[in-house]
2 protein chains.
Amino acid sequence: MSLEQWERQAQKGRDILNNSIPKQWLAPADSLPPVTQKNVIDFPKKSGLLSERELSITDLSATQLVAEMGAGKLKAEEVVVAFLKRAVLGHQLLNFATEFLADEAIARAKELDAHFQRTGKLVGPLHGVPISVKEHIGMKDKTCNTGYVAWVDQVATEDAHLLQLLAKAGAVFHVRTNQPQALMHLCCNNNITGATLNPYNRTLTPGGSSGGEGASTGFKCAPLGIGTDIGGSIRCPAAFCGSYGFRPTSMRNPLAGAKVAAIGQETIHGVIGPLSSTSLEDIELFQKAVLEQEPWDVETSLVPVPWKTVAPTRNMTVAIMWDDGCVRPHPPIVRALKLAKEKLLAAGIKVVDWEPYKHDHGWKIISSLYYPDAAALQRKMIRESGEPVLPLSEWCFNYSRAVPLTHPEAWELQYERDVYRDDYNAVMKTRGVDFIISPTYPGVAAVYGESHYWNYTAIWNVLDLPSVVFPSGLTVDAKLDALTEQDQKYKPRNEVDEREWEKYQSPERYEGAPVALQVAGRHFKDEETLAAAKLIEEIIKDGKKVSKL
Amino acid sequence: MSLEQWERQAQKGRDILNNSIPKQWLAPADSLPPVTQKNVIDFPKKSGLLSERELSITDLSATQLVAEMGAGKLKAEEVVVAFLKRAVLGHQLLNFATEFLADEAIARAKELDAHFQRTGKLVGPLHGVPISVKEHIGMKDKTCNTGYVAWVDQVATEDAHLLQLLAKAGAVFHVRTNQPQALMHLCCNNNITGATLNPYNRTLTPGGSSGGEGASTGFKCAPLGIGTDIGGSIRCPAAFCGSYGFRPTSMRNPLAGAKVAAIGQETIHGVIGPLSSTSLEDIELFQKAVLEQEPWDVETSLVPVPWKTVAPTRNMTVAIMWDDGCVRPHPPIVRALKLAKEKLLAAGIKVVDWEPYKHDHGWKIISSLYYPDAAALQRKMIRESGEPVLPLSEWCFNYSRAVPLTHPEAWELQYERDVYRDDYNAVMKTRGVDFIISPTYPGVAAVYGESHYWNYTAIWNVLDLPSVVFPSGLTVDAKLDALTEQDQKYKPRNEVDEREWEKYQSPERYEGAPVALQVAGRHFKDEETLAAAKLIEEIIKDGKKVSKL
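Please read all numbers here as calculations on a predicted model, not as lab measurements.

## Comments concerning the overall build of chain A
Phase 1 of the analysis: When helices and strands are counted, chain A shows 19 helices and 11 strands.
Phase 2 of the analysis: For chain A, the C-alpha radius of gyration of 22 Å lies close to 24 Å, the compact-globule estimate for 549 residues.
Phase 3 of the analysis: Here the C-alpha coordinates of chain A stretch approximately 60 × 60 × 50 Å along the principal axes.
Phase 4 of the analysis: Contacts spanning at least 24 positions in sequence make up 80% of the contacts within chain A whose residues lie at least 6 apart.
Phase 5 of the analysis: For chain A, the accessible area works out to roughly 19600 Å², and carbon and sulfur atoms hold 52% of it.
Phase 6 of the analysis: Averaging the locations of the 60 positively and 67 negatively charged side chains of chain A gives two centres separated by 3 Å.

## A few points about the UniProt feature "domain: Amidase" (unreviewed entry) in chain A
Phase 1 of the analysis: Those residues carrying the UniProt feature "domain: Amidase" (unreviewed entry) are residues 78–530 of chain A in this numbering.
Phase 2 of the analysis: Between the C-alpha atoms that bound residues 78–530 of chain A there is a distance of 31 Å. The span itself is 36% helix and 13% strand.

## What to know about the interface of chain A and chain B
Reports often express the size of an interface as the amount of accessible area lost when the parts come together.
Phase 1 of the analysis: Tallying the contact residues gives 36 residues for chain A and 36 residues for chain B.
Phase 2 of the analysis: Taking both sides of the interface into account, the surface hidden between chain A and chain B amounts to around 3000 Å²; carbon and sulfur atoms contribute 57%.
Phase 3 of the analysis: Sorting the residues of chain A by area buried against chain B places Thr300, His407 and Trp411 of chain A first, and these three jointly supply 24% of that buried surface.
Phase 4 of the analysis: Our count for the contact surface shared by chain A and chain B stands at 6 salt bridges.
Phase 5 of the analysis: Notably, a salt bridge pairs Asp297 of chain B with Lys429 of chain A, separated by 2.7 Å at the nearest N-O pair.
Phase 6 of the analysis: Our enumeration of links across chain A and chain B arrives at 18 residue pairs in polar contact (both at pLDDT 80 or more).
Phase 7 of the analysis: It is helix H15 (residues 407–431) of chain A that contributes the most residues to the side of chain A that touches chain B, 12 residues altogether.

## Quick word on the pairing of strand S3 (residues 172–177) of chain B
All names here are of chain B.
Phase 1 of the analysis: Most of S3 sits inside the fold, with 6 of its 6 residues counted as buried.
Phase 2 of the analysis: Across 3 bridges, the pairing between strand S1 (residues 97–100) and S3 is antiparallel. Its bridge partner lying in S3, Glu99 is registered against Arg176.
Phase 3 of the analysis: Relative to S3, strand S2 (residues 130–134) runs parallel, the two being bridged by 5 bridges. Bridged to Ser132 within S3 is Val175.

## Observations concerning the packing of helix H5 (residues 76–94) of chain A against helix H6 (residues 102–119) of chain A
Residue and element names in this part refer to chain A.
Phase 1 of the analysis: Two numbers describe how H5 lies on H6: the axes approach to 7 Å, and their chain directions differ by 155°. Between H5 and H6, the crossing angle belongs to the class labelled roughly antiparallel. In the crossing of H5 with H6, the sense of the turn from one axis to the other is right-handed. Each of Ala76, Glu77, Val80, Val81 and Leu84 in H5 lies in contact with H6, whose residues at this interface are Ala102, Ala105, Ile106, Ala109, Lys110, Leu112 and Asp113.
Phase 2 of the analysis: Among the residues making up the contact of H5 with H6, the classes are represented as 9 nonpolar, no polar and 3 charged.

## Focus: the UniProt feature "active site" (unreviewed entry) in chain A
Residue and element names in this part refer to chain A.
Phase 1 of the analysis: The UniProt record marks Lys134, Ser209 and Ser233 with the feature "active site" (unreviewed entry), using the residue numbering of this structure. Taken together, the annotated residues stretch across 100 residues yet fold into one region, lying no more than 10.9 Å apart by C-alpha.
Phase 2 of the analysis: Taking the relative accessible area as the measure of exposure, Ser209 reaches 2% and is therefore buried.
Phase 3 of the analysis: The contact partners of Ser209, leaving out residues within four places of it in the chain, are Lys134, Asn178, Gln179, Pro180, Leu183, His185, Leu186, Cys187, Cys188, Thr228 and Ser233.
Phase 4 of the analysis: Engagement of the side chain of Ser209 in a polar contact is seen with the backbone oxygen of Leu183, the distance being 3.2 Å.
Phase 5 of the analysis: Its place among the elements puts Ser233 in the loop between strand S4 (224–229) and helix H9 (235–240).
Phase 6 of the analysis: Residues in contact with Ser233, not counting those within four places in the same chain, are Lys134, Leu183, Leu186, Gly208, Ser209, Ser210 and Thr228.

## Some thoughts on the sheet that holds strand S5 (residues 244–247) of chain B
Within a beta sheet, neighbouring strands are joined by backbone hydrogen bonds and run either parallel or antiparallel to one another.
All names here are of chain B.
Phase 1 of the analysis: An order of S1-S3-S2-S4-S6-S5-S10-S11-S9-S7-S8 is seen for the 11 strands of this open sheet, with the pairing classed as mixed. The outermost strands of the open sheet, each flanked by one partner alone, are S1 and strand S8 (350–353). When the angles between neighbouring strand axes are averaged without regard to direction, this sheet yields 25°.
Phase 2 of the analysis: Here 6 bridges tie strand S4 (residues 224–229) to strand S6 (residues 271–276), and the two strands are oriented antiparallel to one another. In the strand pairing of S6, Thr228 is matched with Ile272.
Phase 3 of the analysis: Each of S2, S3, S4 and S6 touches helix H8 (residues 211–218); the most contacted strand, S4, lies at about 155° to it.

## As for the relation of the copies chain A and chain B
Phase 1 of the analysis: Laying chain A over chain B is done by rotating through 180° and shifting 0.0 Å along the axis; what remains is an RMSD of 0.0 Å. In short, the pair behaves as if placed about a two-fold rotation axis.
Phase 2 of the analysis: An overlap of 100% is found between the interface residues of chain A and their copies at the interface of chain B, pointing to a shared contact surface.

## Regarding the sheet that holds strand S11 (residues 514–521) of chain A
All names here are of chain A.
Phase 1 of the analysis: Within the open sheet, the 11 strands sit side by side as S1-S3-S2-S4-S6-S5-S10-S11-S9-S7-S8. Their pairing is mixed. The strands lining the two open edges of the sheet, one partner per strand, are strand S1 (97–100) and strand S8 (350–353). Sheet twist, expressed as the average angle between the axes of neighbouring strands with direction ignored, equals 30°.
Phase 2 of the analysis: Most of the contacts of H6 go to strand S3 (residues 172–177), to which it runs at about 160°, and overall it touches S1 and S3.
Phase 3 of the analysis: Lying on the sheet, helix H8 (residues 211–218) is in contact with strand S2 (130–134), S3, S4 and strand S6 (271–276); it crosses S4 at an angle near 155°.

## Some points on the pairing of S4 of chain B
All names here are of chain B.
Phase 1 of the analysis: For S4, the buried fraction is high: 6 of the 6 residues fall into the buried class.
Phase 2 of the analysis: With burial as the criterion, each face of S4 is covered, one bearing Leu224, Ile226 and Thr228 and the other bearing Gly225, Gly227 and Asp229.
Phase 3 of the analysis: As paired elements, S2 and S4 share 3 bridges and run parallel to each other. Residue pairing across strands places Ser132 opposite Gly225, the latter belonging to S4.

Definitions and limits used
- Residues numbered from 1 in each chain as written.
- Chains lettered and ligands numbered in written order.
- Predicted model: local features only at pLDDT ≥ 70, side-chain atom pairs only at ≥ 80, totals over all residues.
- Heavy atoms only, no water.
- Helix = DSSP H or I, 4+ residues; strand = E, 2+ residues; numbered from the N terminus.
- Rg over C-alpha atoms; globule rule 2.2 N^0.38 Å.
- Contact = heavy atoms within 4.5 Å.
- Areas by Shrake-Rupley, 256 points an atom, 1.4 Å probe, with all protein chains shown as cover.
- Lys, Arg positive; Asp, Glu negative; His and termini not counted.
- Charge placed at Lys NZ, Arg CZ, Asp CG, Glu CD.
- UniProt positions renumbered as here; feature names shortened; annotations may be inferred.
- Buried area = accessible area lost by both parts, 1.4 Å probe.
- Salt bridge = Lys/Arg side-chain N within 4 Å of Asp/Glu carboxyl O.
- Polar contact = N/O pair within 3.5 Å; in protein donor to acceptor, adjacent residues only side chain to side chain.
- Buried < 20%, exposed > 50% of the residue type's maximum accessible area, 1.4 Å probe, protein only.
- Pairing = 2+ DSSP bridges.
- Axes fitted to C-alpha atoms, helices over the stretch in contact; angles between N-to-C directions.
- Parallel < 35°, antiparallel > 145°, perpendicular 65-115°, else oblique.
- Left-handed = near helix turned anticlockwise from the far one by under 90°.
- Nonpolar A, V, L, I, M, F, W, Y, C, P; charged D, E, K, R; others polar.
- Least-squares fit on C-alpha atoms with pLDDT ≥ 70 in both.

Okay, here's the thing in structure tokens:
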């Protein structure tokens, strides 16, 4: 049977990927775990395919790596090779890459090493840090398909602004990562390179849309990764894959050169931001390295707000949002929220409960504003190649009504959005709440294809609040997370609540999945929110630190 | 003949105005100059209707007024009464008010005086400063018609955010001012309170849309006024009426509570900003008083960029834009630009010529984005009452094409806008230019109904650059501004150029009009731009200062 035209086109994207894989590091098929093995997170350690030193390197944070390189104890080349090896293995298990950049990355690392040897100095605060990059963030002379088969041939003419800044700070880009069709699933499947899997349980989604970044950082294929987020696309993969993710306030991080179909749409601003395999400290390192270069001097839509160093303070009021008033979180999430509350109280932090303020209204606004044109542009992009519309694409396209909004209808929603932002801000101030701890999603990592409910993350997008995701340290536990009698009697409030609640038939469905928490802070309080999240994580984990070399 | 329904409705707006005029200060009709007298700028001095002390008070800047009140030499009450008296006279001559607020203003001034007497302290940096306010900026419990007959009954439920902040800083609002139908003429006529005139020549427009503010500050009915600007609406009236005007970078000054038909439209951000009767120092006073209250803490769409004090520096490069490449400026404007160049060079400032960068492209973008819905909303607002569409409303509605843009078409334009901004910014940096001196309009104040060409101001709106207007000190001169032989041979480049050039048949047409200059600076360099404009003005005027009490 001959391939359809779109399949031949999609094959080009797969060829780019396959030709880029450094074959010398491919693990023999028979050394890999069976495809039925769900949890592969420990495979690098158990397989013997990476040396002890490589394992140690890939366990380090970016901050630690830079310190080690600065002390002359590590070379950039061995660092990037270690991460490349782990990434190749990760890709074999999780299908998270769209293109490896091994030769360039190693060449760049050698340059960095030469510079250090020559001058005794690092080139910048990210010297030699391997960073994985979501595919739709343009790289000069490389294709950029944004999850559309129609675009597999399109070549970016320059590096995205953010990549230019990171490169100046010393970063090394070693692998590009997967994203869903049309960029708008909290999942990660497309018709080009297919579905990316979750390293903790391969029946689960790594989340999305920055799902390749979730897998990359979750499996420690990179200490830092770059995602984009308009409804949860950084935070959801971070939560699902046990890594760290940060959605900054919009118009802080440079976005120019990230390719999307609806370029110029600004009803809801997408943001670009970091994921980290190990720590919020690395998120800060990333943010500082970018913003100290004053990107607003070039990309004028950014606000000229420098990144400032903020020390965490215990003198804060943290609210716990147990439920958003629309969809009940699953037992493992509630368990993590309880743990947070207990630990914070024990540490003397002021903790209150958060009564959500009109989250259904927030969802009505943001879901209507994602596709003011009834997703005509996205559907056209898909029709252009003839590729099938994937179910989760159809799902999000249907957030909009069947016909485009008129401009006045869209303006009315934009006005409502601004009023809602001001009102929510006033509510936080009136209640004296600095930060809100909440679920990132009704459950832990969703079963593949089931990521339907966005509003535990999208609410902070419509409100444009900085929000941080970190692993609580818990994983799903068959006993602790079993449905209680009371749970079994739960009467859902509405159809959506029912749909989401029914997905939690048993903890076993989510076996092995990490449980994340999300912390949101006030508009433009990015630094304070990160500092608070760092302190909260430390308290919840009893001060446990990440491992050292 | 019975009045039409819309006329009866419009009458309500006139009744509000007429009932609000403090009758005790109305000058007898026979004491007023004949309606054929064009220039009335000196009438307050010549008429004997104001006392010497009142004339002195109304000649002072806000900065001086506050200093005098702080020294106990002036009382807020006598200050507001002096400005009210001048405003009543100004209104009789220029029809610039929509509502007087005499009783409230005097009551508030008395409170301020009592506070000062009790504590020995001023309530804030604008203690006792009378400020006139463009009508569409909402005031609690007062009507707000925005130039639409359909809205003459609409009552604002709270004070606009900016007014709240100014009131906290001690300001006294004493008069509300006129605006054109639909807010979008560089002129000032509507079907409610009619046409406002230019104090320097009553056959000329005061400019618009903040034309009432132009007349108010130009005639010194208020030391400070508040306008709004999406294409020149603060700067054009300031230029036409010989006062000072400032268009800040958008999202700095609080805009909430300014009523417009297309609320929520954000393709081009309107801004709110000050006009001053006397000085750029007062513009700074206004900006600082507002932004030191951190309005972004309440109005979350604002950027958290504090106002900083910037000292002017002679170490700058100033470019002169002689022509925007589209429409040739009239002789008086060119004379002012030449004066600026000469004086700046003599003062040792680095001056270069500015080659405009694609201003026609900028106009294509902004004119298409004013009315993405083909002005359907504005036309509907006008149809609602049945009032006639005024010619200059029709003029600007026709900037848009006949049918609405699709959303993707609008996004494409927004993307082009952002690219144009970045490119223009890069051009300024590459050329090493800090500030651009340019015309504000092809000519001085336009003949009534002829304000057609917006792009000497609108260009800085599409680019979102801070821009300042100040009087050059020149006025139209029959001899110096006569068309030269060379001028008479000028072959316009296009129809628009021809139309605008033909308006300059002779200097006499613009007799008495002041000649303004505009200074634009880089995005978010509001403070630097104001400081530079202040220095430039001082140099052009040989250090001449405004008069003291």
